[in-house]
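An overview of the molecular structure
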Amino acid sequence: QVQLVESGGGLVQAGGSLRLSCVASGTIFSISSMGWYRQAPGKQRELVAAITGGGSTNYADSVKGRFTISRGNARNVVYLQMNSLKPEDTAVYYCNAKSTGTGGDYWGQGTQVTVSS
């Protein structure tokens, strides 16, 4: 099992920045990729950014050039640096970890990001 704890959400004005952090614990050796998803009210949860163990990344088109996903020196930590935030980025952001070996798909509790106009 993998447990994920997010932090770093909050309220920011449009154009501002926030950095989200996610710390994984448990059977972290099984994790093959980590990522961030978000869910706005009335909308489906969507992928924001993901990073593999080898460091490959992918981003939603809506955040390319503004958001950056990275891993800490400790491989169980992942960050999401969010710059030039827009009101449409307002959502609950969830950390996700996938384990291809076990088929595990793990989620954090979510952290609220609110961007005011």
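Residues numbered from 1 in each chain as written. Predicted model: local features only at pLDDT ≥ 70, side-chain atom pairs only at ≥ 80, totals over all residues. Heavy atoms only, no water.

Attention shifts here to the overall build of the protein chain. In terms of regular secondary structure, the protein chain is built from zero helices and eleven strands. Moving toward the C terminus, one meets the helices and strands of the protein chain in the order β-β-β-β-β-β-β-β-β-β-β. Taking 117 residues into account, the globule formula puts the C-alpha radius of gyration at 13 Å, and the protein chain, at 14 Å, falls close to it. Projected onto its principal axes, the C-alpha positions of the protein chain cover 45 × 25 × 20 Å. Looking at the protein chain residue by residue over its 117 residues, the buried ones come to 44%. (Helix = DSSP H or I, 4+ residues; strand = E, 2+ residues; numbered from the N terminus. Rg over C-alpha atoms; globule rule 2.2 N^0.38 Å. Buried < 20%, exposed > 50% of the residue type's maximum accessible area, 1.4 Å probe, protein only.)

On to the sheet that holds strand β3 (residues 18-26), then. Spatially, four strands are ordered β1-β3-β8-β7 in an open sheet, and the strand pairing comes out antiparallel. Bordering the open sheet on either side are β1 (2-7) and β7 (67-71), each of which pairs with just one other strand. Direction aside, the axes of adjacent strands within the sheet are offset by 15° on average. When β1 meets β3, the two strands line up antiparallel, connected through six bridges. Bridge assignment links E6 to a residue of β3, and that residue is C22. (Pairing = 2+ DSSP bridges. Axes fitted to C-alpha atoms, helices over the stretch in contact; angles between N-to-C directions.)

With that settled, consider the pattern of salt bridges. Counted by the stated rule, this structure contains five salt bridges. D89 is paired through a salt bridge with R38; the nearest N and O atoms lie 2.9 Å apart. You can see D89 sitting in the loop between β8 (77-82) and β9 (91-99) and its partner R38 sitting in strand β4 (residues 33-39), a full 51 residues away along the chain. Among the residues examined, R38 registers a relative accessible area of 6% and is labelled buried. (Salt bridge = Lys/Arg side-chain N within 4 Å of Asp/Glu carboxyl O.)

Time to look at the pairing of β9. Taking burial as the measure, the nine residues of β9 include seven buried ones, the bulk of the element. In this structure, β4 lies alongside β9, joined through seven bridges in antiparallel fashion. The residue of β9 that forms the bridge with W36 is C95. Where β9 and strand β11 (residues 111-116) come together, three bridges link them in antiparallel fashion. Directly across from V92, in β11, lies its bridge partner Q112. Pairing geometry for β9 and strand β10 (residues 104-107), over four bridges, is antiparallel. Each bridged residue has a counterpart across the sheet, and for K98 the counterpart in β10 is D105. Here β9 hands over to β10 after four residues, with G103 in that stretch at a positive phi of 80°.

A word on the side chain of D89. The class of D89 is buried, set by a relative accessible area of 1%. Among the polar contacts listed, one links the side chain of D89 to the backbone nitrogen of K86, at a separation of 2.8 Å. Non-local contacts of D89, meaning those with residues more than four positions away in its chain, are made with R38, R66, F67, S84, V113 and V115. (Polar contact = N/O pair within 3.5 Å; in protein donor to acceptor, adjacent residues only side chain to side chain. Contact = heavy atoms within 4.5 Å.)

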